[in-house]
Each structure stands twice: as structure tokens, then as C-alpha cells.
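What follows is each chain in one-letter form.
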Amino acid sequence: MLADHTTLSQFLIEERRRFPEATGDFSALIIDVGLACKAIARRVANGALAGVLGAAGATNVQGEAQQKLDVIANELFIKANEWGGQLAGMASEEMDMPWTIPPRYPRGKYLLLFDPLDGSSNIDVNAPVGSIFSILRAPNPGVDPRPEDFLQPGVKQVCAGYAIYGPSTMLVLTVGTGVHGFTLDPQLGEFILTNPRIKMPPTTQEFAINASNARFWEPAVKRYVDECLQGKPGPRGKDFNMRWIASLVADCHRILIRGGVFMYPRDTRDPGKPGKLRLMYEANPIAMIAEQAGGLATTGQDRILDVKPSKLHQRIALIFGSREEVERIEAYHRDHSGRKYETPKFKTSELFQSAE
Ligand code: AFP
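What counts and what doesn't
Sequence order as written defines residue numbering, which begins from 1 separately in each chain. Reporting of local features is limited, given that this is a predicted model, to residues whose pLDDT is at least 70; pairs of side-chain atoms are given and counted only at 80 or more, and all residues count toward the totals for whole chains, interfaces and linings. Side-chain numbers here rest on the full set of heavy atoms in the structure, without hydrogens or water. UniProt positions are given in the numbering used here, feature names are shortened, and annotations may be inferred rather than shown by experiment. Salt bridge criterion: a side-chain nitrogen from Lys or Arg within 4 Å of a carboxyl oxygen from Asp or Glu. Working definition: helices are DSSP H or I runs of at least four residues, strands are E runs of at least two. Numbering for both runs from the N terminus. Each residue is placed in one exposure class: buried if its accessible area under a 1.4 Å probe, protein chains only, is under 20% of its type's maximum, exposed if it is over 50%, and partly exposed if it falls in between. By this definition, two strands are paired if DSSP reports at least two bridges between them. Every axis corresponds to a line fitted to the C-alpha atoms, with the helix fit spanning only the stretch in contact, and the corresponding angles, defined between N-to-C directions, vary from 0 to 180 degrees. Every residue pair with non-hydrogen atoms within 4.5 Å of one another is taken to be in contact. As used in this structure description, the phrase polar contact means that two N or O atoms lie within 3.5 Å; if the pair is within protein, one of them must be able to donate a hydrogen and the other to accept it, and residues adjacent in sequence are counted only when both atoms belong to side chains. Any residue with a heavy atom lying within 4 Å of a molecule or strand is counted as near it. Only the protein chains shown count as cover for residues, and the accessible areas themselves come from Shrake-Rupley with a 1.4 Å probe.

- You'll find the protein chain entered in an unreviewed UniProt entry as Fructose-1,6-bisphosphatase class 1, with Rhodoplanes serenus given as the organism.
- Under the UniProt heading Subcellular location (unreviewed entry), the note attached to the protein chain is "Cytoplasm".
- Recorded under Subunit (unreviewed entry), the UniProt text for the protein chain is reproduced unchanged: "Homotetramer."

Written out as C-alpha cells, the structure reads:
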């Protein structure tokens, strides 16, 4: 049976053969990240049976209430990755400051950033959640990194990926040579390559956005969504479908497989927060995956991967997905920079009417 299948280890070894100077550190790191994801998948799958549901009773650096599984997943990521000697440091959504590798372990040449359990408000309702990770080179290999060492633009990522804990567990990753999906075989405990070279359809009739924020959206996003909602008789000349799982990984996975566009745009709810999602361990890895699959990722104005980070837990607007739709949304941002958008008078539904 294994003869017909490529395991994650085999995939990594074959990739490494293309770089004769490679030491094997990177492959070892990905295997450890995969191990953390397998351990998290197990806890998520056991749910109430393992007593892991519900709030942890604390808030994280983002001011969000931590779930017990947020804390458990964070610990599993740290334990699986701190000992191997491949990492100089780690940073997590759940920790204010970067994690210092304990003195007993050697420091390596990579930096790992992760959101250990994304979409964790979905846990208690048994909807899909995931883990997201990004790998950078440490500017000073072999020593503890300075906080600013993590602040590299997404274009510098050497690897980005996520695990999705859905009906099956999958690990999806890119090392800059396309996007590859591995499904966890629970009998073998191995990730098996099931979706090599994933390509996102360039166009779509599906969009994802939290419509309850419509009154706070930027003009360009209001216009884009309005036009989708007008369907066949409207300017787009076709009907659209809408999906919102409120789990970035799950929305991203759907878009990767069948196309679509995801928008968590900048909005006017809180001027101190330009968007909800975090640049370093959400937007950057998802953007690298989107681009490697043939899609695009933008703030509306700028390519996500070119944004120079200023803080570890920086928030940013994130719009990604099928190339043609993202290009259209960027064009609307150019059209509406400094210009308001008037919601059409002929609207039949009041659901998305703006306060303007
Ligand atoms: P949680 O991890 O707190 O559930 O947040 C999930 C998330 O960061 C991302 O995965 C979703 O796309 C987004 O937030 C959903 O945000 P809304 O709850 O505002 O729709």
C-alpha cells in the first residue's frame, strides 16, 4: 500500500535532494511541526471526551478569551519544536513575547511563528479549526533571536502551511515550489500526499466575508459585495454564493480547492485595529499559500507579502483568493481611494444597506 503513496517524510527527502548542500534541518523541523499538528488533531477529535472544551479562564495578548484547547495546542507546538536544534526561536499568537528555547537545547537557523489553534471559537460547536505556521530564517543563526528578528516581510518566508482539523486532518504546505496537501492516515499516523500541486481556480462565483460588519466596511468592499449580491441582472452578470466559516483555515482550504475570495477588510469599528487578522502568523502564511497556488493576497492596496511588519502581533486587512476577483477588489480600492461609494437605490434587500 505504501508503495503507491508518498509520505510527508518521503516528500521532504525528495525535495531536499534538489539542494545537495541542505543539512536536513528543515525537513526535521517540518516533521516536528507535523507531529504537533497530529497531537492537536487527536485532542480536537476527542473533544468533550478529553475534557478539553470550554474557556481556559484567561485572555491572550490580543485581549481574546483563550479556550482550553488554545493553551493545549500552544504547549504542543512548543514541546514538539523546541528540542530539535533547528529553531533559534518561536513566536505564537498565544504568547505576548517570543518563546526562548530552554538553555539545554541548541539554537538553530530558523524562526517558527504560529497560530496554534485558529478559529478556536468554533471548537465548542464542533466546526473545523486549524493551526497556521510560518518559517523564516534567523538573521543570527545559533543564538537567541531579538524580537525584531521576527519582523521580516512575508516574502522572506521559506515555508508556510496549515493543518486543518475537519472530517479528515490535512497538512497543507508550500516551500516555494507550489502547494501540496497531505491527509493524515489515522491507522499509520502518517501524512500522505493526496493533493500535489494544488491550483486555485482563477475565477469564482463564491465570496466569504462576515456580513454583520457591512456598515463598517471600506467603500471598495461595499461596492464589490453589492455587485455580487445583485447577481445575474447586476453589473457582474452572474449569481454568487456566500460562505463564512469564521475559521480562516477552513475558509482558506475551501478557496484553495474550489476557488473563491476571502475578505476580512480594514473597517471602521476600531481605528486602532487595521483589520482583525494577524500579519505574522495568519496573513503572511495564508498569502504565501494563496500565491503559490496561483491566487493573490492583498490588503486592498498592497501585496500582503511585501508589507514590512512593525510589531509581532500586528493586525492587517486580508483579502485573498481567486486571482481575477482579488484583482477586481484591488481595482475598486484604487477607484475609491478618497471617494465614497453610494449603495444603489434599486436594492431589494436591506441586509447589506450601509449607514452612509
Ligand atoms: P478565533 O480564533 O477567535 O475564533 O478567530 C478566528 C479568526 O481569527 C479567523 O480564523 C476567522 O476568519 C475570523 O477570526 C473570524 O472573525 P469573526 O468572528 O469576526 O467573523
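Picking up after the structure, the text goes on.
### Some points on the pattern of salt bridges
Item 1. Enumeration over the complete set of coordinates arrives at 18 salt bridges.
Item 2. Its salt-bridge partner being Arg-323, residue Glu-327 comes within 3.7 Å of it at the nearest N-O pair. Pair noted here: Glu-327 and Arg-323 are both in helix α7 (residues 323-335), with a separation of 4 residues, about one helical turn.
Item 3. By relative accessible area, which is 36% here, Glu-327 ends up partly exposed.

### Comments concerning the sheet that holds strand β6 (residues 159-165)
Item 1. Read from one edge to the other, the open sheet built from 7 strands follows the order β3-β4-β5-β6-β7-β8-β9, with strand pairing classed as mixed. Every interior strand has two partners, whereas the edge strands, β3 (87-92) and β9 (190-195), have only one. For this sheet the average axis-to-axis angle between neighbouring strands, irrespective of direction, equals 20°.
Item 2. Relative to strand β5 (residues 129-137), strand β4 (residues 110-118) runs antiparallel, the two sharing 7 bridges.

### Side note on the UniProt feature "binding site: Mg(2+) 2" (unreviewed entry) in the protein chain
Item 1. Residues given the UniProt feature "binding site: Mg(2+) 2" (unreviewed entry) here are Asp-115, Asp-118 and Glu-282. A compact arrangement is adopted by the annotated residues: their sequence extent is 168 residues, whereas the largest C-alpha distance between any two is 8.7 Å.
Item 2. Take Asp-115: it is sitting in strand β4.
Item 3. What Asp-115 contacts, discounting residues up to four positions off in sequence, is Glu-93, Gly-130, Ser-131, Ile-132, Tyr-281 and Glu-282.
Item 4. For Glu-282, the location among the structural elements is in helix α6 (residues 279-292).
Item 5. When near neighbours in sequence (up to four residues on either side) are disregarded, Glu-282 contacts Asp-115, Asp-118, Ile-132, Leu-248 and Leu-277.
Item 6. Within the local environment of Glu-282, its side chain forms a polar contact with the backbone nitrogen of Arg-278, the two atoms lying 2.8 Å apart.

### Re the sheet that holds strand β16 (residues 318-321)
Item 1. On the basis of which strands lie adjacent, the open sheet formed by 5 strands has the order β11-β10-β12-β16-β14 and mixed pairing. If you trace the sheet from one side to the other, it starts and ends with β11 (241-242) and β14 (296-298), each paired once.
Item 2. With 4 bridges connecting them, strand β12 (residues 261-264) and β16 associate as antiparallel partners. Residue pairing in the sheet places Phe-262 in a bridge with Phe-320 of β16.
Item 3. Across the sheet, α7 lies against β12, β14 and β16, angled at about 145° from β16, the strand it touches most.

### Structural notes on the site of the ligand
Item 1. With respect to spatial proximity, 15 residues lie near the ligand, and among them Asp-118, Ser-121, Asn-210, Leu-248 and Tyr-264 are the closest.
Item 2. Between the ligand and Asp-118, the relevant distance is 2.8 Å, taken from an oxygen atom to a side-chain nitrogen or oxygen of the residue.
Item 3. Contact between the ligand and Gly-119: an oxygen atom at 2.9 Å from a main-chain N or O atom of the residue.
Item 4. A total of 480 Å² of accessible area belongs to the ligand in isolation, and the protein chains cover 85% of it.
Item 5. Elements represented by at least two residues in the shell around the ligand include exactly β12 and β13 (277-278).

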